[in-house]
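# Remarks on the overall topology
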Protein chains: 2
Amino acid sequence: MSEYTVVVLGDTPPVRLDRLAGRARVQVSDAASLPALLPGADVLLVWDFQSDALRDAWPGSGPRPGWVHTASAGVDRLLLPDLVESETVLTNARGVFDQPIAEYVGALVLAFAKDLSGTWELQRQRRWRHRETRRLAGTRAVVVGVGPIGRAIGELLRALGVRVEWVGRTARAGVRGADELPDLLPDADWVVCAAPLTPATRGMFDRAAFARMAPSAYFVNVGRGPLVVTDELRAALLERRLAGAALDVFEQEPLASDSALWDTPGLLVSPHMSGDTVGWRDDLARQFEDNFDRWAAGEPLFNVVDKRLGYVPG
Amino acid sequence: MSEYTVVVLGDTPPVRLDRLAGRARVQVSDAASLPALLPGADVLLVWDFQSDALRDAWPGSGPRPGWVHTASAGVDRLLLPDLVESETVLTNARGVFDQPIAEYVGALVLAFAKDLSGTWELQRQRRWRHRETRRLAGTRAVVVGVGPIGRAIGELLRALGVRVEWVGRTARAGVRGADELPDLLPDADWVVCAAPLTPATRGMFDRAAFARMAPSAYFVNVGRGPLVVTDELRAALLERRLAGAALDVFEQEPLASDSALWDTPGLLVSPHMSGDTVGWRDDLARQFEDNFDRWAAGEPLFNVVDKRLGYVPG
C-alpha cells in the first residue's frame, strides 16, 4: 500500500529509514541499476554522496523524481545542467556537520599552535626536546565560507580567543566579500576554507593566494578538494612559504596511495572525515525522514538548494 | 650604588632583568655557588625552577633572603622544612601559564576526540581509512585543581561546550571537594589534573582512581609528575581500561630515554612544555620585576604562597 517510491543511491553502510515503513517503497540502487530505477522514483536519496552515478543516469529519457536529497552539505556533484534546468527540488544535509566540522578545525588549529605532530614524532624517537609553542588567543583567522559550517568554525575559534574574519561571495554585515580576500590573507595566522564548490570558487586557493599568506600561517581545507590547487599548495609547503596545512578533502577521493601529498612536509592528510562524528549516519537518515514528512504532507521542504548558486542561501 | 643583592639560581637561558639596573646587584648562581651566595642575598630568584640546588643550600648557616620568588607555578621543590618554618616570603609565577596551559589541554582533548594521532599514523602508512570521531560538545570533564590554571582549563573546555566539574581540596561554591572525586570519575569523558603537588595530592591518580574511570575516558596531567602513579597509569592503558592519556610532567625530568612510558599505547608524552608559549621567559622576568618594584617600595608582594598549603590561596 506504499504510495511513493524512494530510490536510494548507495547502501554502504545501509540506510535505515524506519519512519518510511508502509508509506514508501524504498529501492536501493547502485551505478548500474540507477538508470532503470530513476524513471519510477518519486524521490531520490543520494546516500553515497561520493558517487558520480547520477551524472550518467540523469540525462536519460523518461520521468525524473521531483525531489532529490543528498546526505552531504556540498551539492557540487549534483549540479548537472539537466538537473539544474529541471523543476526538481534539490535539498541537502545542511546542519548535520556544522558543530563536528567546527570542532575538527579547532583540533587542527590547536594541534598546529601546540606542535602536537612534533611531539608525536619526538616521542617515537624517545627524545625529550622542549619547544616554545604558540598562544592561540589573539591570533587571527580568515574563514572562507559563510554557510552554517563556516559560521560554526568561526564561532568556535572566537570562543578560543581568535579574531575571526568571515569571507563570503559578496560583502554584507559581518562578512567580507571575496574581492577583499587578497587583502586579508597577509595578516592571517589561520586560513580556513569551508566554501561550497562552485565555478566561482574552484581553484581559489592557488599560488597567488598562498603567496599572499605569511610564512608563519597555516591553511586548512574542509570544503571540497577542487577549491585548492594542491600542486601549488604542495610547492608552497616545500619551499616553506607556509608553516603548514591540513587537507580533509581532495580532488580524487580516496587519495591514491602514490600521491605526493601523503609525505609533503607540514601537510596533514585526513580521509574526508571532519564532519563524521559517531552517529552521523543516523543523523543524516533522520534529517531525510524529517524532510520526507514535509514532502508527503505537501509542505515546503527545508534545506532547499539554490541550484544556480550551488548552496542553500541565507 | 646598588642597594640590594638579587641572587638568581640558574641562567639557562639567561634572565634579563633590565628594570633592576642600578637598583640591585644581580648575581647568577648554580648549585655549586649558591651556598656561598645565599647569605648575602636579599632576594633569591629561582629561575631554573627544575633545580634542586636550594634543597642542599638552604639548611646551611648564616642569614637567608627574606624573599624567594620562583619562575614557576608549582612550588613543591621549595617547600623545604627550614624555608617553610622561616619568615621568608615565597612568591610564584601564578598567572603566566593559565591561558597557555588551558589551550594546551584544549589541544589534547580535541586531538583525542578527533583521533589526530590515528590520522598521523595512517598518513605515514599512506592509508585512507575513514573513521567516525567524537563530538566534544556535550561531553563531561573533571578538572582537578582550582587555581588559576585549573580555572582557565575548565573555562576553555566550557567554551567548547564541555560540561565541567572542578575539584579542589575542599568543597565550596562551584567546586567539589576532593572527597567527591571518586563519585565524579565514572561519568567523566576527560579527567584533567592541574593540582599543586602537596602531601595530600601526591599519588592521587593511582590504580583505584583509574579503575573508577570509564574505558572510553582520557586522562591528562599538566600538574606535577608525582601526582600520578605512572606505573599504574601504564597498566591501565596496557589493559585498555582507559582510552588514552597525555603526560606533560614526570617524576624524573627529563624522562629517561629508556622509560617504558615513551611507547605505552595510547599515551602521549610531552616534555613539560604545556605552559611555555613564545615569550614565556620574558613574561616570567617581567612578572618578577613587577614584584621587585613592590618589594623595593615596601609594598605587599603579590602571588604570596601559603607555605603550609603549598600554593597561593584564593
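Residues numbered from 1 in each chain as written. Chains lettered and ligands numbered in written order. Predicted model: local features only at pLDDT ≥ 70, side-chain atom pairs only at ≥ 80, totals over all residues. Heavy atoms only, no water.

### Considerations on the overall build of chain A
- A count of helices and strands for chain A gives 10 helices and 12 strands.
- Taking 2.2 N^0.38 as the reference for a compact globule, 314 residues should give roughly 20 Å; the C-alpha atoms of chain A span a radius of gyration of 21 Å, in line with that estimate.
- A burial count over chain A gives 54% of its 314 residues as buried.
- Restricting the contact set of chain A to residue pairs at least 6 apart, pairs at least 24 apart contribute 60%.
- Here chain A has roughly 13,100 Å² of accessible surface; of this, 49% comes from carbon and sulfur atoms. (Helix = DSSP H or I, 4+ residues; strand = E, 2+ residues; numbered from the N terminus. Rg over C-alpha atoms; globule rule 2.2 N^0.38 Å. Buried < 20%, exposed > 50% of the residue type's maximum accessible area, 1.4 Å probe, protein only. Contact = heavy atoms within 4.5 Å. Areas by Shrake-Rupley, 256 points an atom, 1.4 Å probe, with all protein chains shown as cover.)

### Observations regarding the pattern of salt bridges
- Here the structure, examined in full by the defined rule, presents 34 salt bridges over all chains.
- Of the charged contacts, one joins Arg131(A) and Asp115(A) as a salt bridge, the two residues approaching to 3.0 Å between their closest N and O atoms. With Arg131(A) in the loop between helix 5 (116-124) and strand 6 (140-144) and Asp115(A) in the loop between helix 4 (98-113) and helix 5, this pair connects stretches of sequence that are 16 residues apart.
- Judged by its relative accessible area of 12%, Arg131(A) is buried.
- A residue is classified by how much of its surface remains accessible, and Asp115(A), at 28% relative accessible area, is partly exposed.
- Between Asp52(B) and Arg77(B) there is a salt bridge, with the nearest N and O atoms lying 3.2 Å from each other. Of the two residues, Asp52(B) sits in the loop between strand 3 (43-46) and helix 2 (53-57) while Arg77(B) sits in the loop between strand 4 (67-70) and helix 3 (81-85), which places them 25 residues apart along the sequence.
- Take Arg77(B): its relative accessible area is 30%, and that puts it in the partly exposed class.
- Through salt bridges with shared partners, one network takes in Arg19(A), Arg23(A), Glu289(A), Asp290(A) and Asp293(A). (Salt bridge = Lys/Arg side-chain N within 4 Å of Asp/Glu carboxyl O.)

### Structural notes on the packing of helix 4 of chain A against helix 6 (residues 148-159) of chain A
Residues and elements named next belong to chain A.
- At their nearest, the axes of helix 4 and helix 6 sit 8 Å apart, and the two run at 45° to each other. With respect to helix 6, the axis of helix 4 lies oblique. Of the two elements, helix 4 crosses helix 6, and the hand of that crossing is right-handed. Here Asp98, Gln99, Ile101, Ala102, Glu103, Val105, Gly106 and Val109 of helix 4 come into contact with helix 6, specifically with Pro148, Ile149, Ala152, Ile153, Leu156 and Leu157. (Axes fitted to C-alpha atoms, helices over the stretch in contact; angles between N-to-C directions. Parallel < 35°, antiparallel > 145°, perpendicular 65-115°, else oblique. Left-handed = near helix turned anticlockwise from the far one by under 90°.)

### Some points on the side chain of Glu103(B)
- Position of Glu103(B) among the secondary structure elements: in helix 4 (residues 98-113).
- Given the relative accessible area of 1%, Glu103(B) is considered buried.
- Here the side chain of Glu103(B) touches Lys114(A) through a polar contact of 3.0 Å, side chain to side chain.
- Residue contacts for Glu103(B): discarding those within four places in its chain leaves Leu110(A), Lys114(A), Arg134(A), Arg135(A), Leu136(A), Ala137(A), Leu160(A) and Leu156(B). (Polar contact = N/O pair within 3.5 Å; in protein donor to acceptor, adjacent residues only side chain to side chain.)

### Observations regarding the interface of chain B and chain A
- At the junction of the two partners, chain B supplies 58 residues and chain A supplies 58 residues.
- Here chain B packs against chain A, burying approximately 5,200 Å² in sum over the two surfaces, 62% of which is carbon and sulfur.
- It is Arg126(B), Trp128(B) and Trp262(B) in chain B that bury the most area against chain A; as a group they hold 17% of the surface buried on that side.
- In this assembly, chain B and chain A are joined by six salt bridges.
- With a closest N to O distance of 3.1 Å, Asp263(A) and Arg126(B) form a salt bridge.
- In this assembly, chain B and chain A are joined by 28 residue pairs in polar contact (both at pLDDT 80 or more). (Buried area = accessible area lost by both parts, 1.4 Å probe.)

### Section: the nonpolar core
- Counting 114 residues, the largest nonpolar core has Leu116(A), Ile153(A), Leu116(B) and Ile153(B) as the members making the most contacts within it.
- For Leu116(A), the contacting residues outside a window of four places in its chain are Ala111(A), Tyr104(B), Ala107(B), Leu108(B), Ala111(B), Trp120(B) and Leu268(B). (Core = buried A, V, L, I, M, F, W, Y, C linked by side-chain atoms within 4.5 Å.)

### Here we look at the UniProt feature "domain: D-isomer specific 2-hydroxyacid dehydrogenase NAD-binding" (unreviewed entry) in chain A
- Mapped onto the present numbering, the UniProt feature "domain: D-isomer specific 2-hydroxyacid dehydrogenase NAD-binding" (unreviewed entry) falls at residues 107-274 of chain A.
- As a span, residues 107-274 of chain A carries 28% helix and 17% strand, and end to end its C-alpha atoms are 10 Å apart. (UniProt positions renumbered as here; feature names shortened; annotations may be inferred.)

### Describing the sheet that holds strand 5 (residues 89-91) of chain A
Residue and element names in this part refer to chain A.
- Ordered in space as 2-1-3-4-5, the five strands form an open sheet in which the pairing is parallel. Strands at the two margins of the open sheet, each flanked by one partner only, are strand 2 (24-29) and strand 5. Averaged over neighbouring strand pairs, the angle between their axes works out to 20° when direction is ignored.
- Pairing of strand 3 (residues 43-46) with strand 4 (residues 67-70), which is carried by four bridges, proceeds in the parallel orientation. Bridging across to strand 4, Leu44 finds its partner in Val68. (Pairing = 2+ DSSP bridges.)

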